[in-house]
Amino acid sequence: MQKPLAARIRPTSLQEVIGQKHLVGEDGILTNSVKTHTLFSAIFFGPPGVGKTTIAEAYAKSLNVKYVKLNAVTSNKKELESAIEECRLFPEAFIIMDEVHRLNKDKQDILLPYIEEGIVYLLGCTTQNPYIAINKAIRSRTHLLEVYKLSDAEVVEGLRRALTSKNGLNNKIQIDDEGLEYIAKLTGGDLRYAYNFLEVVEMSIKKTSINLDDLKAVLKVPNFQMDKDEDQHYDSVSALQKSIRGSDVDASLYYLARLCIVGDLESIKRRLLVIAYEDIGLANPQAVDRVFNAIQAAEIVGFPEAVIPLGFAVCDLALSPKSKASNNAIHAAMDYAANHPLDVMDYLKLTPVNVQEEDKYPYDRMDLWNKIQYLPELIKNKKFFVPNQTNNSQYEKTLNENYKKLSSIKRTSNLRELKKTKQ
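Residues numbered from 1 in each chain as written. Predicted model: local features only at pLDDT ≥ 70, side-chain atom pairs only at ≥ 80, totals over all residues. Heavy atoms only, no water.

*Asks:* Pulling in residues and values, what's your account of the environment of P362?
*Replies:* On the secondary structure map, P362 appears in the loop between α18 (325-339) and α19 (394-407). You can call P362 buried: its relative accessible area is 4%. Residues within four places of P362 in sequence aside, it is in contact with L368, W369, I372, L415 and K419. (Helix = DSSP H or I, 4+ residues; strand = E, 2+ residues; numbered from the N terminus. Buried < 20%, exposed > 50% of the residue type's maximum accessible area, 1.4 Å probe, protein only. Contact = heavy atoms within 4.5 Å.)

This is the structure we're talking about:
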C-alpha cells in the first residue's frame, strides 16, 4: 500500500526542508548544530502542516543520530520506557515527541532525569504556545524554536517538488503557475494540506496538463479565502471583533462563519477571549465565563460541531452590554508603571526590615484595610480606573457605586495612628 504523498517526499536532511531559514538556513541554529555536532533538546512550535516533526526528523538524520518517534497522547508509559532503553544503547539519541504539550506528569517524571543527564535528547513538537502549554520542567530543559507559517511562494516550491520528485508524482501531471498559486492560497501555509490537495487533483482530473479552471472544478472553496490580499484572513478576525464591539450580531456571525469555514479554531479562540475581557469586561463578567466554557466545548467536539458553541458565544458577546473600563485601566497602569518605578511602601513589603510593630501592616484589623494608603507617596492620589458611564449592567453599576464610596475614604500611610482607632 502506497504511503501518502506528504510521507513519501518528507525531507531526509535539513537542506531539503522548505522555508524556516532561521532554523535550517546557512546560519540557522540547527544548521550550526549539525556543523559542530552539538546536540540539544528543543520544542518546535507553530501552526499545523509547517514541518515541525519533519524538521525534527531531518535534524536527527543530518546528525546521523539514533531517534525514536512517540506521541504524548497515544504512547503509554511502557512505550516511553522502552524508547529510553533503546536510546541508552547509543552514545547519542533523540526521542521525537509529537503533541508534547499533552505529556502527563507520570511520563515527564520518567523522561526528565534522562534529559537532565544528557542520556536522551528530546525534540518535542506542538501547535500550542509553549510558554502556556508546556510544563515548566520540560520548558526549562529545552530550546524553544518557533516554526513559521509558510508563505505562498514556499508552498508553491513544495508543490513543484512533489510534482517532479521520483518519490512524489514523478511528472505524471503538470500544473501551471497560476494553478499552483491557487492551491497555495487555499492551504494557508499548510504544506501537508497542499500535498493532500495535490493527491486529490491527481485522482480526480484525468488530464496530464492541468490549469486553473480544472482545479476550480475540483477544489470548491469560497472565493474570499483565495483573495489576492494576504491580509484577508486577519481582516476577518479584525472585522469579527469590531462587529461584536459594535453589537451587530449578524455581522459577527458572518465573520465567525468565514473563520469557521477555513477551520481556524486557534484564531477564533484567542480572539473571542480577548474580546470578552477587552470589550465586555465588567459589564457582563458571566459572559466572559461562558465564552471560556464555549471555547473548551469547541476544542472537545472539534469542527464541524464546534460552530455550535462558538456561535452561542458570539451571539452572547454581540448582544451583551459593553465596558472597556478594566481594559483601559490596566493599560493606563502599565504605561505609568513603565516610566515610574517607585519603591513599595515599607509596610507593604513581604518582609519589612527595621519597621516597628506599630508601623507594620495590620493583618488582624480587617476594618482598617480600606483606609490604608497603598500607592507610593509621590502618586498617592493617582487614578487609573475610570468607571464606564454608558450601557452599564446592574452589576457594573454596583461596582461603580462601590468605587465612588471607596474613593471618598481618606487613606493614610500613618499606620501607627490608624491602629489607634477602635474596631
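*Asks:* Got a sec to walk through the pattern of salt bridges? Specific residues and values, please.
*Replies:* Two side chains of opposite charge can pair, provided their charged atoms sit close to one another. In total, this model carries 24 salt bridges according to the counting rule given. Its salt-bridge partner being E57, residue K69 comes within 2.9 Å of it at the nearest N-O pair. Of this pair, K69 sits in strand β2 (residues 66-71) while E57 is found in helix α4 (residues 52-62), placing the two residues 12 residues apart along the sequence. R416 is the partner of D359 in a salt bridge, and the nearest nitrogen-oxygen pair spans 3.0 Å. Pair noted here: D359 is in the loop between α18 and α19 and R416 is in helix α20 (residues 415-418), with a separation of 57 residues, a long-range link. R416 sits in the partly exposed class, given a relative accessible area of 31%. Among the ionic contacts, a cluster of salt bridges with common partners joins R245, E278, D279 and K324. (Salt bridge = Lys/Arg side-chain N within 4 Å of Asp/Glu carboxyl O.)

*Asks:* Account for the sheet that holds strand β3 (residues 93-98), with residues named and values stated.
*Replies:* Taken together, five strands build an open sheet; the order of strands is β2-β3-β4-β1-β5 and the sheet is parallel. At either end of the open sheet lies a strand with only one pairing partner, and these are β2 and β5 (143-146). Neighbour-to-neighbour, the strand axes of the sheet open up by a mean angle of 20°, direction not taken into account. Here four bridges tie strand β1 (residues 42-45) to strand β4 (residues 121-126), and the two strands are oriented parallel to one another. Residue pairing across strands places I43 opposite G124, the latter belonging to β4. (Pairing = 2+ DSSP bridges. Axes fitted to C-alpha atoms, helices over the stretch in contact; angles between N-to-C directions.)

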